[in-house]
Structure formats: structure tokens, C-alpha cells
Amino acid sequence: QVQLQESGPGLVKPSQTLSLTCTVSGGSITSDNYYWTWIRQPPGKGLEWIAYINHSGRTYYNPSLQSRITISLDTSKNQFSLRLSSVTAADTAIYFCARYSSSRGTGWFDPWGQGTLVTVSS
Amino acid sequence: DIVMTQSPLSLPVTPGEPASISCRSSQSLLESTGYTYLDWYLQKPGQSPQLLIYLVSNRASGVPDRFSGSGSGTDFTLKISRVEAEDVGVYYCMQALESPHTFGQGTKLEIK
């Protein structure tokens with residue numbers, strides 16, 4: 001079955017750029033009808049959808065973060081990535097990657113990666 | 001953005017007893033196709049969220065039949081017929097109608 005695994009630095013300095021990668025195994029990110037997603041969760045708080053991208057590179061961003069985020073695909077590595085610029089302490093969170101089913105009559109996030117904690121601190 | 005509001009935020013339950021969580025959206029989640037895009041997720045302690053229910057009332061693969069979802073338009077309910085110890089965690093509703101996808105605040109279920 002499809003599995004997702006996040007990777008990236010656990011500590012980022014304020015004002016710098018956070019970069020994370022999600023590696024997909026057991027399936028191809030070029031498959032139709034899926035969007036590859038980033039979601040985050042500040043410690044002890046709820047879930048916030050960040051962005052997603054499909055196999056053709058179509059992207060959707062959360063307007064609250066849009067000016068600072070870029071999501072991209074690397075089909076050769078079966079990975080997708082997130083870049084979040086100008087980070088502050090408010091960006092400290094567990095970052096999850098997930099697959100979103102987007103064909104007609106579907107609309108859910110499954111599966112999810114295990115999540116990676118990113119702390120913004122000097 | 002569509003605002004999702006859950007209640008209660010904390011839910012202590014005795015094992016074997018039923019439990020119910022309410023979720024309300026700020027606008028209808030019914031699409032013109034007839035599908036209603038409301039999902040439920042459970043985040044067990046120390047784990048990532050897992051899909052429980054999709055499109056209001058469809059259980060995800062492997063989800064026990066003690067979990068059920070219902071509702072329409074803007075009002076939805078997740079019910080657990082008989083709570084078990086393994087059901088502890090935070091339950092989230094989420095709207096999949098449009099981007100940005102938004103989640104409820106979460107309901108923390110604990111065992112009494």
C-alpha cells in the first residue's frame with residue numbers, strides 16, 4: 001500500500017526558509033486523481049491544510065500562507081516538497097504529508113505520513 | 001473560508017457507553033453533484049491522523065462498525081456505539097468541498 005515519509009531539518013532559524021520533502025512508496029505520484037498534500041499542526045493544537053499539488057503540477061495554496069509557500073514535485077524520485085519562507089516561531093509545528101483523493105465522489109486525506117516536527121528558533 | 005465548529009471539545013466516556021460528536025459548517029457541504037464533502041479523522045496519541053469516515057457516512061477501510069457518521073448540509077454527527085479504550089484520541093471533522101480545506105478544532109475523547 002502507499003506510504004509517505006517526511007524528511008527535513010528539525011530546526012530552522014527565524015527569517016530563513018523551511019524545506020521539507022515527502023517520499024512516496026508503494027505508488028506513483030504521477031497517478032491521476034490524487035493531490036499530494038502538506039498539512040501542519042502546531043504543538044498541542046489543531047490541523048491546518050497548507051497546500052497540495054497534482055501529477056501535472058497544478059497547485060492550490062492556503063491563502064493565509066500563499067505568499068510564503070511553494071510546493072513542487074520530483075517525479076524522478078517519487079517525491080514532493082514544501083518550501084516555506086520567512087519563518088517565525090508561529091511556523092513551529094508537526095508537518096504532515098498526505099495523499100488527497102480528488103476524483104468525482106471522493107475527497108479525503110489518506111494515507112498520512114508520520115509527521116516531522118519543525119521548530120523555528122535561533 | 002468554510003469554518004468548521006465541533007462540540008464538545010472534551011468528551012469523557014465510560015467504556016461500553018456511546019459517544020457522539022457534533023460538527024457544523026459555516027456553509028453547506030453539498031455539491032451540485034449530490035455528494036456532501038465531510039470527513040472525520042481520528043488522531044490517536046502520538047500518531048498522525050487517520051481517516052475514519054468520508055462523504056458523511058462511509059467508513060474507511062478497517063474502521064469498526066461501531067463508528068457511524070450522519071448528517072447533511074451543515075450539520076453532521078459522528079457516533080460511537082460502544083466506546084473502547086482504543087478509541088481515545090482527538091477527533092476532527094473536515095470539509096473537502098473546497099480549498100482551503102478546513103478542520104474543526106478537534107474533540108478529545110478520553111476514557112473515564
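Criteria and thresholds
- Residues numbered from 1 in each chain as written.
- Chains lettered and ligands numbered in written order.
- Predicted model: local features only at pLDDT ≥ 70, side-chain atom pairs only at ≥ 80, totals over all residues.
- Heavy atoms only, no water.
- Helix = DSSP H or I, 4+ residues; strand = E, 2+ residues; numbered from the N terminus.
- Rg over C-alpha atoms; globule rule 2.2 N^0.38 Å.
- Buried < 20%, exposed > 50% of the residue type's maximum accessible area, 1.4 Å probe, protein only.
- Contact = heavy atoms within 4.5 Å.
- Areas by Shrake-Rupley, 256 points an atom, 1.4 Å probe, with all protein chains shown as cover.
- Lys, Arg positive; Asp, Glu negative; His and termini not counted.
- Charge placed at Lys NZ, Arg CZ, Asp CG, Glu CD.
- Disulfide = S-S within 2.5 Å.
- Pairing = 2+ DSSP bridges.
- Phe/Tyr/Trp six-rings, centres within 6.5 Å; stacked < 30°, edge-to-face > 60°.
- Axes fitted to C-alpha atoms, helices over the stretch in contact; angles between N-to-C directions.
- Salt bridge = Lys/Arg side-chain N within 4 Å of Asp/Glu carboxyl O.

Undergrad: Got a sec to walk through the overall build of chain A? Specific residues and values, please.
TA: Of regular secondary structure, chain A possesses 0 helices and 11 strands. Written out in order from the N terminus, the α and β elements of chain A read β-β-β-β-β-β-β-β-β-β-β. Relative to the 2.2 N^0.38 estimate, which gives 14 Å for 122 residues, the radius of gyration of chain A is 14 Å and therefore close to what a compact globule would have. Each principal axis of the C-alpha distribution contributes one length, and for chain A these read about 40 × 25 × 25 Å. Sorting the 122 residues of chain A into buried and exposed places 47% on the buried side. Long-range contacts, defined as pairs at least 24 residues apart, comprise 54% of the intrachain contacts of chain A with a sequence gap of at least 6. For chain A, the computed accessible surface area is about 5500 Å², with 45% contributed by carbon and sulfur atoms.

Undergrad: Would you mind going over the overall build of chain B in detail, with residue names and values included?
TA: Helices and strands together make up the secondary structure of chain B, namely 0 helices and 11 strands. For chain B, the N- to C-terminal ordering of α and β elements is β-β-β-β-β-β-β-β-β-β-β. Rg of the C-alpha trace for chain B: 13 Å, near the compact-globule value of 13 Å for 112 residues, within the 12% margin. Once the C-alpha set of chain B is aligned to its principal axes, its extents read approximately 40 × 25 × 20 Å. Put simply, of all contacts in chain B between residues at least 6 apart along the chain, 54% involve residues at least 24 apart. Roughly 5000 Å² of accessible area belongs to chain B as shown, and the carbon and sulfur atoms make up 46% of that amount. The centroid of the 8 positive side-chain charges in chain B is displaced by 7 Å from the centroid of its 11 negative side-chain charges.

Undergrad: Lay out the state of the cysteines with the relevant residues and their values.
TA: Residues and elements named next belong to chain A. As enumerated under the stated definition, the model contains 2 disulfides over all chains in all. Paired by a disulfide, Cys22 and Cys97 hold their sulfur atoms 2.1 Å apart. On the sign convention where negative means left-handed, the S-S torsion of about 65° between Cys22 and Cys97 marks this disulfide as right-handed. Placement of Cys22 in strand β3 (residues 18-25) and of Cys97 in strand β9 (residues 93-101) is noted, with a sequence separation of 75 residues between them.

Undergrad: Explain the pairing of strand β3 (residues 19-25) of chain B to me, and be specific about the residues and the numbers.
TA: Residues and elements named next belong to chain B. The side-chain alternation of β3 yields one buried face, formed by Ala19, Ile21, Cys23 and Ser25, and one unburied face, formed by Ser20, Ser22 and Arg24. Bridge count for strand β1 (residues 4-7) against β3 is 4 bridges, and the pairing is antiparallel. Bridge pairing in β3 links Thr5 to Arg24. Pairing geometry for β3 and strand β8 (residues 75-80), over 6 bridges, is antiparallel.

Undergrad: Explain the packing of aromatic side chains residue by residue, including any values.
TA: Within the structure shown, the criterion is met by 17 aromatic pairs over all chains. Ring geometry for A:Trp108 against B:Tyr54: centres 4.2 Å apart, planes inclined by 45°, an arrangement best described as tilted. Taken together, the residues A:Trp108 in strand β10 (residues 108-112) and B:Tyr54 in strand β5 (residues 50-54) connect one chain to another. Take B:Tyr54: its relative accessible area is 22%, and that puts it in the partly exposed class. Members of the aromatic cluster, joined through ring pairs, are A:Tyr35, A:Trp49, A:Tyr52, A:Tyr60, A:Phe96, A:Tyr100, A:Phe109, A:Trp112, B:Tyr41 and B:Phe103.

Undergrad: Account for the sheet that holds strand β7 (residues 67-72) of chain B, naming residues and giving values.
TA: Residues and elements named next belong to chain B. Strand order across the open sheet formed by 4 strands is β1-β3-β8-β7, with antiparallel pairing between neighbours. Sheet topology places β1 and β7 at the edges, where each strand pairs with a single neighbour. Taking the axes of each pair of neighbouring strands and ignoring which way they run, one obtains an average angle of 20° across the sheet.

Undergrad: Explain the pattern of salt bridges to me, and be specific about the residues and the numbers.
TA: All names here are of chain B. All chains considered together, the criterion is met by 7 salt bridges over all chains. Between Arg24 and Asp75 there is a salt bridge; the shortest N-O distance is 2.5 Å. Linking Arg24 in strand β3 with Asp75 in strand β8, this pair joins segments that are 51 residues apart in sequence. For Asp75, a relative accessible area of 32% gives the class partly exposed.

Undergrad: Run through the sheet that holds β3(A), naming residues and quoting values.
TA: Residues and elements named next belong to chain A. Taken in spatial order, the 4 strands make up an open sheet running β1-β3-β8-β7, and their pairing is antiparallel. Among the strands making up the open sheet, the edge pair consists of β1 (3-7) and β7 (69-74). Strand-to-strand twist of the sheet, defined as the mean angle between neighbouring strand axes without regard to direction, takes the value 20°. Two elements, β1 and β3, share 5 bridges in a ladder whose sense is antiparallel. Bridge pairing in β3 places Glu6 opposite Cys22.

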